[in-house]
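Below are the chains, spelled out letter by letter.
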Amino acid sequence: MKNITLALGLAVLSVASIAGEGPSWSYSGEAGPDKWAKLTPEYATCAGKNQSPVNLSGFTKADLKPIKFSYKTDNDEILNNGHTIQVNLPAGSSIAVDGTQFDLKQFHFHAPSENLIDGKSYPLEAHLVHADKDGNLAVVAVMFKEGKANKALAKAWAQLPEKEGEKLNLTASLSATELLPVTRAYYSFSGSLTTPPCSEGVRWLVIKQPMTASQSQIEAFAHAVHHENNRPVQAINARAILK
Ligand SMILES: [Zn+2]
């Protein structure tokens, strides 16, 4: 169950850093990404060989089976943890990949995108964080380019928590399906959490087709988070990026 604790630890960590009890980290300066691994022994994996995000390129052709998405429409909770805006979901939404079920725990965003595709950065990237029964993690990443407003973002941003530590129950029910394009072909690689403790062994599933978000939706996110929240791309090392 270790990994589940780590994944859900994003919120826990943030509460700890608000309270000044835990090792705090940031996206720039003294506790910025290049310092994470040395901030505390718990974050040593941030200097690992299988880190995320990456510039997805040099693809290896593979027979990637479609991901089966079973996402419910639900009443979710939205929070500003100081590092991102996160939507927590009640149980009942899941994906199936290669015969394994992973339950959707939360989704959150990064602006600009953390992963790059063939060197291309997007203004916004969603991470849908899933865990299987043994605590193994799978993250579905969706890129957003500027365009038409996104429905799920419209509902969530209607109650966008502007202050760090603020948490609200969303009045509009939404489904994470509204974050997905119709065509769900994807790239796959083995990586890590992109925030401390940077735990490895995370299965990354990056949807090829970008979605759109309006300029004002992208700006509203940046305003609520107050700073860019993308970790720089990490070395691919021995990994294959499957397509
Ligand atoms: Zn993320």
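Let us look at the structure shown here. (Residues numbered from 1 in each chain as written. Predicted model: local features only at pLDDT ≥ 70, side-chain atom pairs only at ≥ 80, totals over all residues. Heavy atoms only, no water.)

## Let's talk about the overall build of the chain
- A tally of helices and strands in the chain yields 4 helices and 15 strands.
- A compact globule built from 243 residues would reach a C-alpha radius of gyration of about 18 Å, and the chain, at 17 Å, matches this within 12%.
- Judged by the C-alpha coordinates and their principal axes, the chain covers about 45 × 40 × 35 Å.
- Looking at the chain alone, contacts between residues at least 24 apart form 67% of all its contacts between residues at least 6 apart.
- By element, 53% of the accessible surface of the chain is carried by carbon and sulfur atoms, the whole surface being about 10900 Å².
- Treating the 23 positive side-chain charges of the chain as one cloud and the 23 negative ones as another, the clouds have centres 8 Å apart. (Helix = DSSP H or I, 4+ residues; strand = E, 2+ residues; numbered from the N terminus. Rg over C-alpha atoms; globule rule 2.2 N^0.38 Å. Contact = heavy atoms within 4.5 Å. Areas by Shrake-Rupley, 256 points an atom, 1.4 Å probe, with all protein chains shown as cover. Lys, Arg positive; Asp, Glu negative; His and termini not counted. Charge placed at Lys NZ, Arg CZ, Asp CG, Glu CD.)

## Here we look at the pattern of salt bridges
- In total, this model carries 7 salt bridges according to the counting rule given.
- In this structure, the salt-bridge partner of D74 is K72, at a minimum N-O distance of 3.6 Å.
- The class of K72 is partly exposed, set by a relative accessible area of 39%. (Salt bridge = Lys/Arg side-chain N within 4 Å of Asp/Glu carboxyl O. Buried < 20%, exposed > 50% of the residue type's maximum accessible area, 1.4 Å probe, protein only.)

## Observations regarding unusual backbone geometry
- Omega for the bond connecting A111 with P112 falls within 30 degrees of zero, at -5 degrees, which places this linkage in the cis form.
- Position of P112 relative to the elements: it lies in the loop between strand 7 (100-110) and strand 8 (116-117).
- In the segment running from P196 into P197, the intervening peptide bond is cis, with an omega of 10 degrees.
- You can see P197 is positioned in the loop between strand 13 (186-192) and strand 14 (200-207).
- The phi angle at C198 is positive, at roughly 60 degrees, despite the residue not being glycine.
- Its place among the elements puts C198 in the loop between strand 13 and strand 14.

## Some thoughts on the side chain of N115
- Tracing the chain through its elements places N115 in the loop between strand 7 and strand 8.
- On the basis of relative accessibility, which here comes to 0%, the residue N115 falls in the buried class.
- Of the polar contacts made by the side chain of N115, one reaches the backbone nitrogen of V54; its length is 3.0 Å.
- Here E125 takes part through its side chain, which lies 2.8 Å from a polar atom of the side chain of N115.
- If near-sequence neighbours (up to four positions away) are discounted, N115 is found in contact with P53, V54, L56, K120, E125, H127, A141, M143, F189, W204 and V206. (Polar contact = N/O pair within 3.5 Å; in protein donor to acceptor, adjacent residues only side chain to side chain.)

## Observations regarding the packing of aromatic side chains
- Throughout the structure, instances matching the rule amount to 10 aromatic pairs.
- Between W25 and Y27 the ring centres are 5.4 Å apart and the planes differ by 75 degrees, which places this aromatic pair in the edge-to-face class. Like Y27, W25 is buried.
- Taken together, a centroid distance of 6.1 Å and an interplanar angle of 10 degrees make the contact between F189 and W204 stacked. Of this pair, F189 sits in strand 13 while W204 sits in strand 14, and the two are 15 residues apart along the sequence. Each member of the pair, F189 as well as W204, is classed as buried.
- Its guanidinium or amino end placed over the ring of Y122, K120 lies 4.9 Å from that ring's centre, counting from NZ or CZ. (Phe/Tyr/Trp six-rings, centres within 6.5 Å; stacked < 30°, edge-to-face > 60°. Lys NZ or Arg CZ within 6 Å of the ring centre and 35° of its normal.)

## Concerning the nonpolar core
- Counting residues in each nonpolar core, the largest one holds 40 residues, and the members touching the most others are F109, L128 and F144.
- Beyond its immediate stretch of four places on either side in the chain, F144 contacts F109, Y122, P123, L124, A126, N150, L153, L179, M211, T212 and A213.
- Among the nonpolar cores identified, the runner-up in size contains 17 residues, and L56, A131, V139 and W204 belong to it. (Core = buried A, V, L, I, M, F, W, Y, C linked by side-chain atoms within 4.5 Å.)

## Some words on the pairing of strand 6 (residues 94-97)
- The pairing of strand 2 (residues 68-70) with strand 6 spans 3 bridges and is classified as antiparallel. Counterpart to F69 in the pairing with strand 6 is I95.
- Taken together, the 4 bridges between strand 6 and strand 7 define a ladder with antiparallel strand orientation. Note on strand 7: the bridge partner recorded for S94 is D103.
- Connecting strand 6 to the antiparallel partner strand 7 that follows it, the hairpin turn spans 2 residues, and D98 within it adopts a positive phi of roughly 50 degrees. (Pairing = 2+ DSSP bridges.)

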